[in-house]
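What follows is the residue order along each chain.
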Amino acid sequence: HVQLMESGGGSVQFGESLTLSCENLVSLYCLAWFRQAPGLERERVAFIDTDLTTKYADSVKGRFTIKHGPTDNLMLEMNKLTPEDTAMYFCAADSTGGTPYGCNLDAWGQGTLVTVSS
């Protein structure tokens, strides 16, 4: 059983930056960051695919970067934050590590809260 663990959330001001971290990874790919704001559906914001390419939601493209960290962790660098980025952020992974044919994101963390004030 893979239990991911997020950290790095907090309260920031409009335009500031924050970096999230996710520990206990089992693979270098099939990794994602999702977020869920109150009353809204969970949204995938960034993804590392089986070929290690990265994909982003249009709402964060150019501001967020998903990357591997120095301690085999998964990071989400978030810049130019706005109140619309306020949400609980979750990392997700394929507990089997994924295959070249696709990912099944079945391992999740508990989430870390990001609050951006104007």
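Residues numbered from 1 in each chain as written. Predicted model: local features only at pLDDT ≥ 70, side-chain atom pairs only at ≥ 80, totals over all residues. Heavy atoms only, no water.

Things to note about the pattern of salt bridges
So, step 1. Taken as a whole and assessed by the stated rule, the structure comprises six salt bridges.
So, step 2. When the shortest N-O distance is used, the salt bridge between Glu-43 and Arg-35 registers 2.9 Å.
So, step 3. Between Glu-77 and Lys-67 there is a salt bridge; the shortest N-O distance is 3.4 Å. Of this pair, Glu-77 sits in strand β8 (residues 74-78) while Lys-67 is found in strand β7 (residues 64-68), placing the two residues 10 residues apart along the sequence.
So, step 4. Here Lys-67 falls in the partly exposed class, since its relative accessible area comes to 33%.
So, step 5. Taken together, the shared-partner salt bridges in this structure form one network comprising Arg-35, Glu-43, Arg-63 and Asp-85. (Salt bridge = Lys/Arg side-chain N within 4 Å of Asp/Glu carboxyl O. Helix = DSSP H or I, 4+ residues; strand = E, 2+ residues; numbered from the N terminus. Buried < 20%, exposed > 50% of the residue type's maximum accessible area, 1.4 Å probe, protein only.)

Focus: the state of the cysteines
So, step 1. If you walk through the whole model with that rule in mind, you get two disulfides.
So, step 2. Disulfide pairing places Cys-22 opposite Cys-91 at an S-S distance of 2.0 Å. Looking down the S-S bond of the Cys-22 and Cys-91 bridge, the torsion is 60°, so its handedness is right-handed. Of the two residues, Cys-22 sits in strand β3 (residues 18-23) while Cys-91 sits in strand β9 (residues 87-93), which places them 69 residues apart along the sequence.
So, step 3. Under the relative-accessibility criterion, Cys-22 is labelled buried at 0%.
So, step 4. A sulfur-sulfur separation of 2.0 Å characterises the disulfide bridge that pairs Cys-30 with Cys-103. The sign of the S-S torsion, about -75°, decides the handedness of the disulfide formed by Cys-30 and Cys-103: left-handed. Taken together, the residues span a long stretch of sequence, with Cys-30 in the loop between β3 and β4 (31-36) and Cys-103 in the loop between β9 and β10 (107-108) at a distance of 73 residues.
So, step 5. Classification of Cys-103 as partly exposed rests on a relative accessible area of 30%.
So, step 6. For the chain, the bonded cysteines connect in the pattern 1-3, 2-4 when numbered consecutively along the sequence. (Disulfide = S-S within 2.5 Å.)

Details of the packing of aromatic side chains
So, step 1. On inspection of all chains with the given rule, the structure shows one aromatic pair.
So, step 2. Pairing Phe-34 with Trp-108 gives two aromatic rings, centres 4.8 Å apart and planes at 55°, and the pair type is tilted. Within this pair, whereas Phe-34 is found in strand β4, its partner Trp-108 is found in strand β10, the two being separated by 74 residues in sequence.
So, step 3. Overall, the relative accessible area of 25% leaves Trp-108 in the partly exposed class.
So, step 4. We note Arg-42 situated over the ring of Phe-90; from NZ or CZ to the ring centre the distance is 4.1 Å.
So, step 5. Stacked on the ring of Trp-108, the Lys or Arg Arg-42 has its end atom at 4.8 Å from the ring centre. (Phe/Tyr/Trp six-rings, centres within 6.5 Å; stacked < 30°, edge-to-face > 60°. Lys NZ or Arg CZ within 6 Å of the ring centre and 35° of its normal.)

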